[in-house]
Every structure is written in C-alpha cells, then in structure tokens.
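Structure at a glance
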Amino acid sequence: MLNNLVNIGFGNFVNSTRVLTILSPDSAPVKRLKEEARVEKKLVDATYGRRTRAVMIMDSNHVILSSIQPETIAHRFTEYSGQTFKLKENATK
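Thresholds applied
- Residues numbered from 1 in each chain as written.
- Predicted model: local features only at pLDDT ≥ 70, side-chain atom pairs only at ≥ 80, totals over all residues.
- Heavy atoms only, no water.
- Salt bridge = Lys/Arg side-chain N within 4 Å of Asp/Glu carboxyl O.
- Helix = DSSP H or I, 4+ residues; strand = E, 2+ residues; numbered from the N terminus.
- Buried < 20%, exposed > 50% of the residue type's maximum accessible area, 1.4 Å probe, protein only.
- Contact = heavy atoms within 4.5 Å.
- Core = buried A, V, L, I, M, F, W, Y, C linked by side-chain atoms within 4.5 Å.
- Pairing = 2+ DSSP bridges.
- Axes fitted to C-alpha atoms, helices over the stretch in contact; angles between N-to-C directions.

Let's shift gears to the pattern of salt bridges. Inspection of every chain in the model, using the stated rule, returns two salt bridges. With its nearest N and O atoms 2.8 Å apart, the salt bridge here joins arginine 18 to aspartate 59. Placement of the pair is arginine 18 in the loop between strand E2 (12–15) and strand E3 (19–23) and aspartate 59 in the loop between strand E5 (54–58) and strand E6 (63–66), with a sequence separation of 41 residues. On the basis of relative accessible area, arginine 18 is assigned to the partly exposed category, the value being 38%. When the shortest N-O distance is used, the salt bridge between arginine 38 and glutamate 35 registers 3.7 Å. With a gap of three residues between them, arginine 38 and glutamate 35 both fall in helix H1 (residues 28–39), about one helical turn apart.

Take the environment of isoleucine 64 next. Within the element layout of this structure, isoleucine 64 appears in strand E6. Distance from isoleucine 64 to isoleucine 8, taken between C-alpha atoms, is 9.6 Å for residues 56 residues apart in sequence. The residues touching isoleucine 64, leaving out its near neighbours within four places in the chain, are Ile8, Val14, Val44, Ala54, Val55, Met56 and Met58.

Counting twelve residues, the largest nonpolar core consists of Val6, Ile8, Val14, Val19, Ala46, Ala54, Met56, Met58, Ile64, Ile68, Ile73 and Phe77. Sorting the residues of this core by element identifies strand E1 (5–9), E5 and helix H2 (70–81) as the ones contributing at least two each. It is E5 that provides the largest number of residues to this core, a total of three residues. Isoleucine 73 has contacts with Ile22, Ala54, Met56, Ser66 and Ile68, leaving out every residue within four places of it along the chain.

The strands making up a sheet associate through hydrogen bonds between their backbones, and the pairing can be parallel or antiparallel. Pairing in this open sheet of four strands is mixed, and the strands run E3-E5-E6-E4 from one edge to the other. The open sheet has two free edges, formed respectively by E3 and strand E4 (43–45), since each of these has just one partner strand. Going across the sheet, the axis of each strand differs from the next one's by a mean of 20 degrees, ignoring polarity. Pairing of E4 with E6, which is carried by three bridges, proceeds in the parallel orientation. Following the sheet pairing, leucine 43 is matched in E6 by valine 63. Across the sheet, H1 lies against E3, E4, E5 and E6, angled at about 115 degrees from E6, the strand it touches most.

Have a look at this one:
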C-alpha cells in the first residue's frame with residue numbers, strides 16, 4: 001500500500017493505482033469538470049493557495065488539484081512504479 005503513494009506536493013500523496021488521468025487545467029472542459037466536482041463536493045484542492053498546474057481524475061470521480069506540473073507528477077508515477085511510459089506532448093501547441 002505505501003509503495004503506491006506518490007507525492008503531489010506540500011506533503012500530499014495520492015494512491016497511484018487510483019489515478020485515471022493527469023490533465024493540464026487550461027482547457028474549458030477541465031474548468032467545467034472542476035466546477036462540477038466542486039458542486040458535488042468531490043474536489044480536493046492540494047495547491048495550498050498556489051496556481052493549479054495539474055488536475056488529477058481519480059477512479060472514484062474525485063478531482064484533485066495540484067500545483068506541481070503534470071509532467072513532474074507523471075515522472076514520479078513512473079519512478080515509483082518502475083515502468084517507463086512515453087509522455088506525449090500536446091500536438092496542437
């Protein structure tokens with residue numbers, strides 16, 4: 001169980017087996033998703049007042065906000081799991 005925990009900043013950890021996706025917070029659909037989670041009381045803000053840089057969707061439909069870059073969090077996931085994933089950059093930049 002403890003091997004599955006990944007640091008998402010400021011002493012906060014998530015269970016890596018429960019995370020479905022890590023998103024950038026800039027798009028309109030992600031902003032709507034955050035607002036819907038806030039209304040449903042399923043939003044966890046782990047930014048400590050800083051700018052949101054990553055949005056994680058959990059398998060329980062909870063939305064977790066982090067002030068760490070999505071690439072950094074993904075790198076931490078691969079470090080702890082021992083797997084190597086190829087991160088794809090957004091092709092529309």
